[in-house]
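Take a look at the letters that make up each chain.
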Amino acid sequence: MAAMSPVADLPSRLDVLDVAAIRAEFPIFERCRRRPLVYLDSAASSQKPRAVIQAMAGYYESCHANVHRGVYALAEEATSRYEQARAAVGRFIHAPSTREVVFTKNATEALNLVAFAWGRANLGRGDVVVLTEMEHHANLVPWLMVAEQVGVELRYLGITDEGHLDLSRLEATLEGAKVVALTAMSNVLGTLNPVRRVADAAHDAGAVVVVDASQYVPHLPTDVTALGADFLAFTGHKMLGPTGIGVLWGREAVLEAMPPFLGGGEMIRDVRLDGYTPNELPWKFEAGTPPIAEAVGLAAAIEVLDGIGMDAVRAHEMALTGYALGALDARFGSDLVVHGPRTPGDRGGVLSFGFKDVHPHDVAQVLDESGICVRAGHHCAKPLLRRLGVSATTRASWYLYNDESDVEALAQALDACSDLFCL
Amino acid sequence: MSGLEDLYREIILDHYRNPRNRGELACPPARRAEGFNPLCGDEIVVYLDVDAQGRVSDVKIAGQGCSISQSSASMMSAAVKGRTLDEVRALNRAFKALMTIHESRLEHDEGDGSGTDTPVPDPAVDLGDLAALQGVVRFPVRIKCATLAWNTLTTGLEELAPSA
Ligand SMILES: Cc1ncc(COP(=O)(O)O)c(C=O)c1O
């Protein structure tokens, strides 16, 4: 199974990052309510480095105006900062062209854009849309809505008991498909999916490939062309950036050929009383005043990530995942059931688990008492949880500012949990 | 740890570990109501037998979820068994009032509630073990867990008779 992961061959080392120095750049870690903050919920949202906070404040303090509208110098500056951010995003994901980078409000909006703008123009009754059983609701509900409106047929790639995509019937499932939408990394299982392999098969079947990279872009070096995607969506707040900004990357030819999503200012070239002409890429998809300061913040986040190096981020997280799997297993054995792949190379830094018979809500509550932030619930992936046979899991997830001490704190707090609930 | 001890009082943990009135009743004659907390997946099924005198002659609880939702359901089942429907409704009101006590009031005094628009617990209603759940109000996301059983019971009662 390990061979399925396109990134398994990256090195895995716990000393590649100077975590203490990195943490010092994140003001939130100065927060200490009774206990120091142990933040293990980056899969939900990452913390923000000083550089991002300052870039946004600096933008508002020195150069804010609306973009693409004013002729005055200030508006030119704001526009230029906004467009520079777009270029930075494009470079970060190796987009062939900056025109392919569309700013949205988050990954959810980006995926809705694809489902509705592309879907409405290209899908008809009986057309086949293929998803996977491990999708986040953001890459599932829009397609369910399209299915409801247009009458498309939804098919699903299932998962194996180890939490990998089950590709045993891949070709048969893809037959006749017009869209294949899949997550690059599961936000519950941590599974890194063989996106390229699925994309190649999807293209052979004549389908367009939509990749939800919300958990991937923040943690691994990303090359949209190498992944074989036609669309790729991710969200700023999970990659050190601010909330309120997401990205849809789309292949230029595909974006050109599709109609706009939202209508309004910015996205038009001309408007008459009896019609409109859409703007060119990428503004055609950016109706209304965009998240300007957020784009500036996202560019600052990318600069931080680039400075550290995404290879190093991945190596660190893979090593920490290996450490956590080993440490928790040694301490709790079968009392702690980890969902998803056991091989760190096959997964990202997301660990969903069941702990004895203690409900995840109670686990998270007890952990909070130790200053540990973990997520408890269904993680916006209800069909997946149903497949796993649980109604909720506890999920710990890490990033470049976490290290073994966070895992140690987690393990200790789980002991406390055990003392409280288990006789 | 005081906050946590306030939430997980011994009596709550006891109901969680040894839930009372666990099981099912044949429907009919029993009523069955199902409650669901979409946020966390907690699930409660209440089975209710009401006799000709309008008294809860038997109650059973099924479902699964966190310690707060399950212990609350267990305590509720013990509290309503043998009561008249009017008494059950009074208990329900008293419990809801307990769950909506404003935090500031909790911190300053347990007093008269003047100046707030939150429901005032009726001192005539004895909540018994249920009063132990009072600590939950300090943990707002858990209030829904504590009230799930009662909301489910209310649904069951509404089908039975219009509330007085
Ligand atoms: C895999 C995945 N897709 C999509 C999303 C949605 O991100 P956002 O809420 O920022 O739109 C998330 C995050 O919650 C996610 O983990």
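In what follows, the accompanying structure is described. (Residues numbered from 1 in each chain as written. Chains lettered and ligands numbered in written order. Predicted model: local features only at pLDDT ≥ 70, side-chain atom pairs only at ≥ 80, totals over all residues. Heavy atoms only, no water.)

1. Notes on the pattern of salt bridges
Residues and elements named next belong to chain A.
Then step 1. This structure, assessed with the given rule, holds 29 salt bridges over all chains.
Then step 2. A salt bridge links Asp 161 to Arg 387; its shortest N-O distance comes to 3.1 Å. One end of the pair, Asp 161, is in the loop between strand E6 (153–157) and helix H6 (170–174); the other, Arg 387, is in helix H13 (residues 382–388), and 226 residues separate them in sequence.
Then step 3. Among the residues examined, Arg 387 registers a relative accessible area of 28% and is labelled partly exposed.
Then step 4. Two residues, Asp 270 and Arg 272, come together in a salt bridge whose shortest N-O distance is 3.4 Å.
Then step 5. What makes Asp 270 partly exposed here is its relative accessible area of 35%.
Then step 6. With relative accessibility at 40%, the residue Arg 272 sits in the partly exposed group. (Salt bridge = Lys/Arg side-chain N within 4 Å of Asp/Glu carboxyl O. Helix = DSSP H or I, 4+ residues; strand = E, 2+ residues; numbered from the N terminus. Buried < 20%, exposed > 50% of the residue type's maximum accessible area, 1.4 Å probe, protein only.)

2. Side note on the site of the ligand
Residue and element names in this part refer to chain A.
Then step 1. Around the ligand sit Asn 106, Ala 107, Thr 108, His 136, Ala 138, Asn 187, Asp 212, Ser 214, Gln 215, Thr 235, His 237 and Lys 238, and those are all the residues in its vicinity.
Then step 2. For the ligand, a nitrogen atom lies 3.3 Å from a polar atom in the side chain of Ser 214.
Then step 3. The side chain of His 237 places a nitrogen or oxygen atom 2.7 Å from an oxygen atom of the ligand.
Then step 4. Relative to its unbound accessible area of 390 Å², the ligand is 87% covered by the protein chains.
Then step 5. Of the residues belonging to the shell around the ligand, the class tally is two nonpolar, eight polar and two charged. (Near = heavy atom within 4 Å. Polar contact = N/O pair within 3.5 Å; in protein donor to acceptor, adjacent residues only side chain to side chain. Areas by Shrake-Rupley, 256 points an atom, 1.4 Å probe, with all protein chains shown as cover. Nonpolar A, V, L, I, M, F, W, Y, C, P; charged D, E, K, R; others polar.)

3. So, the interface of chain A and chain B
Then step 1. Across the contact, 15 residues belong to chain A and 23 residues belong to chain B.
Then step 2. Note on chain A versus chain B: buried area summed over both sides is about 1600 Å², and carbon and sulfur give 54% of it.
Then step 3. On the chain A side of the interface with chain B, the three residues burying the most area are His 361, Gln 365 and Glu 369 of chain A, jointly 34% of the side's total.
Then step 4. Our count for the chain A to chain B interface comes out at one salt bridge.
Then step 5. Notably, a salt bridge pairs Arg 142 of chain B with Asp 362 of chain A, separated by 2.8 Å at the nearest N-O pair.
Then step 6. Joining chain A to chain B, the criterion identifies eight residue pairs in polar contact (both at pLDDT 80 or more).
Then step 7. Residue contributions to the side of chain A that touches chain B peak at five residues, all from helix H12 (residues 360–369) of chain A. (Contact = heavy atoms within 4.5 Å. Buried area = accessible area lost by both parts, 1.4 Å probe.)

4. Structural notes on the sheet that holds strand E16 (residues 375–377) of chain A
Residues and elements named next belong to chain A.
Then step 1. Read from one edge to the other, the open sheet built from four strands follows the order E13-E14-E17-E16, with strand pairing classed as antiparallel. On the outer flanks of this sheet lie strand E13 (336–338) and E16, each paired with one strand and no other. Strand-to-strand twist of the sheet, defined as the mean angle between neighbouring strand axes without regard to direction, takes the value 30°.
Then step 2. Looking at chain direction, strand E14 (residues 350–355) and strand E17 (residues 393–397) are connected through four bridges and run antiparallel. Paired with Val 350 across the two strands is Ser 397, which belongs to E17.
Then step 3. Where helix H14 (residues 404–421) meets the sheet, its contacts fall on E13, E14 and E17, and the angle it forms with E14 comes to roughly 20°. (Pairing = 2+ DSSP bridges. Axes fitted to C-alpha atoms, helices over the stretch in contact; angles between N-to-C directions.)

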